[in-house]
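Topology and contacts: notes
The chain contents come next:
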Amino acid sequence: MRVLGLETTCDETAAAVVRLKPDGSGEILADEVMSQIAAHAAYGGVVPEIAARAHVEVLDLLIARALEKSGVKASELDGVAAAAGPGLIGGVLVGLSAAKGVAVAAGKPFLAVNHLEGHALIPRLDGRLAFPYLLLLASGGHTQILAVEGVGEYVRLGATMDDAIGEAFDKTAKLLGLGYPGGPAVEAAARDGDMERFALPRPLLGRPNADFSLSGLKTAVRHAAMSAAPLTARDVNDLCASFQAAVVDVIEDRLRVALGLYRQRGGSAKALVLAGGVAANAAIRAAVSRFAHSSGLPMIAPPVRLCTDNGAMIAWAGIEKLRLGRTDDLAAPARARWPLDPKAERARNNKA
Ligand code: KG4
Ligand code: ZN
């Protein structure tokens, strides 16, 4: 089984071809990613209209390249998948329309993949991670802890009430003049910093629910930066290290509560999994790994290249759906919002 996957929900344009091997694992035959970082850098964040146009400009080329590198012709594909949301709607429409076009032209099944499901399922690519598992999904737009029971079966145990963790990294970087995207820049600066220099808050620490709140931490970084101004390179490193240490503490505490809630309900996760762009962070990977082992669970995180947005995760999620016979209609809409656990979303809205 071979599936083409397209990703255009944010600022990476990506096309990949993944093959399902007889042993149940996946092999990435081609994985083309073109980042739009340069196009957005001047604005300190992603500009939706620029993103959508940039996807239009390069997607055809990336699809052609992915097919060529994989040695698979469109007529030899078993399915064509695209991230149908959640994300910036202009970009989502570009990838979704292109995938539908290829599917129709080649006469192949079409798969509308939830971008978050791509992050949630790519850790299964090596064929060794079985359901159910506990997942911390942390990216630029989302932060949630989910019980992953199966393909399409997600129970949300907690989520951020304000900023996503990746967003907090991005905003901290912007504030400190480290540019965009912020995660890798903050992590690099933190490596040379003193994490005990600034006493920053650990929001929601010890709370009995597994939610996150990052906006207070972000504000505390701003105040600390203002009182230390003018900032030297050393100040910036220390602020980054102190910020990252606070995030690490919060993640560990929230995971502890989530695992407790999950086990109380009789859940029997086989692993603790970390996914999404933030999972590229070595300090966070190490902390989650420590916590997992202390809880008697193996910790699994995809290779760094598969943590940030890519086409392979969309192709793989497409394979996971296709092998269950869950193909989609060509009328499948582009969705700006698309929760993995609609029940949790409804409960949250009712509360608000
Ligand atoms: O999953 P992703 O590529 O795109 C979204 O779906 O949002 O995640 C991007 C986010 C950005 O906020 C970026 O700053 C963050 O992941 N990120 C990191 C690191 N690499 C990427 N955050 C912390 N440390 C990193 N090394
Ligand atoms: Zn993502």
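Residues numbered from 1 in each chain as written. Chains lettered and ligands numbered in written order. Predicted model: local features only at pLDDT ≥ 70, side-chain atom pairs only at ≥ 80, totals over all residues. Heavy atoms only, no water.

**Side note on the sheet that holds strand β3 (residues 26-35)**
- Strand order across the open sheet formed by 5 strands is β3-β2-β1-β4-β5, with mixed pairing between neighbours. One side of each edge strand has no neighbouring strand; the edge strands of this open sheet are β3 and β5 (110-114). Recorded for the sheet is a direction-independent mean angle of 20° between the axes of neighbouring strands.
- Looking at chain direction, strand β4 (residues 79-85) and β5 are connected through 5 bridges and run parallel. Note on β5: the bridge partner recorded for A81 is L111.
- Across the face of the sheet, helix α2 (residues 48-70) comes into contact with β1 (2-7), β2 (12-20) and β3 while running at roughly 25° to β2. (Pairing = 2+ DSSP bridges. Helix = DSSP H or I, 4+ residues; strand = E, 2+ residues; numbered from the N terminus. Axes fitted to C-alpha atoms, helices over the stretch in contact; angles between N-to-C directions. Contact = heavy atoms within 4.5 Å.)

**A short note on helix α6 (residues 182-191)**
- Among all positions in α6, only G182, V186, E187, A189 and A190 are buried. Along the axis of α6, the buried positions cluster into a sector of 165°, meaning they face one direction only. Along α6, the residues that are exposed and aim more than 90 degrees away from the buried face are P184 and R191.
- Where α6 is buried, its residues touch α5 (165-175), α8 (233-264) and α9 (282-294). (Buried < 20%, exposed > 50% of the residue type's maximum accessible area, 1.4 Å probe, protein only. Arc of directions from axis to C-beta.)

**Quick word on the pattern of salt bridges**
- Counted according to the given criterion, the structure contains 21 salt bridges.
- R124 serves as the salt-bridge partner of E320, at 2.7 Å between the closest nitrogen and oxygen. Of this pair, E320 sits in helix α10 (residues 312-322) while R124 sits in the loop between α4 (115-121) and β6 (133-138), and the two are 196 residues apart along the sequence.
- For E320, a relative accessible area of 1% translates into the label buried.
- Owing to a relative accessible area of 12%, R124 belongs among the buried residues under this scheme.
- When salt bridges that share partners are traced, they join D163, E167, K171 and K218 into one network. (Salt bridge = Lys/Arg side-chain N within 4 Å of Asp/Glu carboxyl O.)

**A few points about the site of ligand 1**
- If you check the shell around ligand 1, you find 20 residues, and the closest are G140, D170, G183, E187 and D309.
- Here an oxygen atom of ligand 1 and a backbone polar atom of G166 are 3.1 Å apart.
- Side-chain polar atom of N281 to a nitrogen atom of ligand 1: 3.1 Å apart, as the coordinates give it.
- Alone, ligand 1 offers 550 Å² of accessible surface; in the complex the protein occludes 90% of this. (Near = heavy atom within 4 Å. Polar contact = N/O pair within 3.5 Å; in protein donor to acceptor, adjacent residues only side chain to side chain. Areas by Shrake-Rupley, 256 points an atom, 1.4 Å probe, with all protein chains shown as cover.)

**Details of the pairing of β1**
- Within β1, 5 of the 6 residues are buried, which leaves the element mostly enclosed by the surrounding structure.
- Where β1 meets β2, 6 bridges bridge the pair, whose relative direction is antiparallel. By the bridge assignment for β2, V3 is matched with V18.
- Sheet topology note: the β1/β4 ladder contains 4 bridges and is parallel. Among the inter-strand pairings, L6 is bridged to a residue of β4, identified as A82.

**A closer look at the coordination of the zinc ion (ligand 2)**
- Donor atoms from the polypeptide that bind the zinc ion (ligand 2) are H115 (NE2), H119 (NE2) and D309 (OD), placed at 2.0 to 2.1 Å.
- Between the donor residues of the zinc ion (ligand 2), the gaps in sequence give the motif H-x3-H-x189-D. Highlighted residues: H115 and H119, both in helix α4, separated by 4 residues, approximately one helical turn. (Donors = N, O, S within 2.8 Å, 3.2 Å for Na, K, Ca; no water.)

**As for the sheet that holds strand β9 (residues 272-275)**
- What the 5 strands build is an open sheet, ordered β8-β7-β6-β9-β10; its pairing is mixed. Every other strand in the sheet has two partners, leaving β8 (153-159) and β10 (299-300) as the edge strands with one partner each.
- Taken together, the 4 bridges between β6 and β9 define a ladder with parallel strand orientation. In the sheet register, L135 faces β9, and the bridge partner there is V273.
- Across the sheet, α8 is in contact with β6, β7 (143-150), β8 and β9; its angle to β7 comes to roughly 35°.

**Concerning the nonpolar core**
- Counting residues in hydrophobic clusters, the biggest one holds 52 residues, and the most contacted among them are I145, I165, L200, F243, I251 and I284.
- Of all elements in the fold, only β6, β7, α5, α6, α7 (215-228), α8, β9 and α9 reach the threshold of two or more residues within this core.
- In terms of residue count, the dominant contributor to this core is α8 (15 residues).
- In this view, I251 contacts L136, I165, F212, I284 and V288; residues no more than four positions away in its chain are not counted.
- Residues L111, A120, L121 and I122 belong to the second largest nonpolar core, which totals 34 residues. (Core = buried A, V, L, I, M, F, W, Y, C linked by side-chain atoms within 4.5 Å.)

**Here's the deal with the side chain of E7**
- On the secondary structure map, E7 appears in strand β1.
- Side chain to side chain, E7 and T9 meet in a polar contact 2.7 Å long.
- Residues within four places of E7 in sequence aside, it is in contact with E12, T13, A14, A83, H115, D309, N310, G311, M313 and I314.

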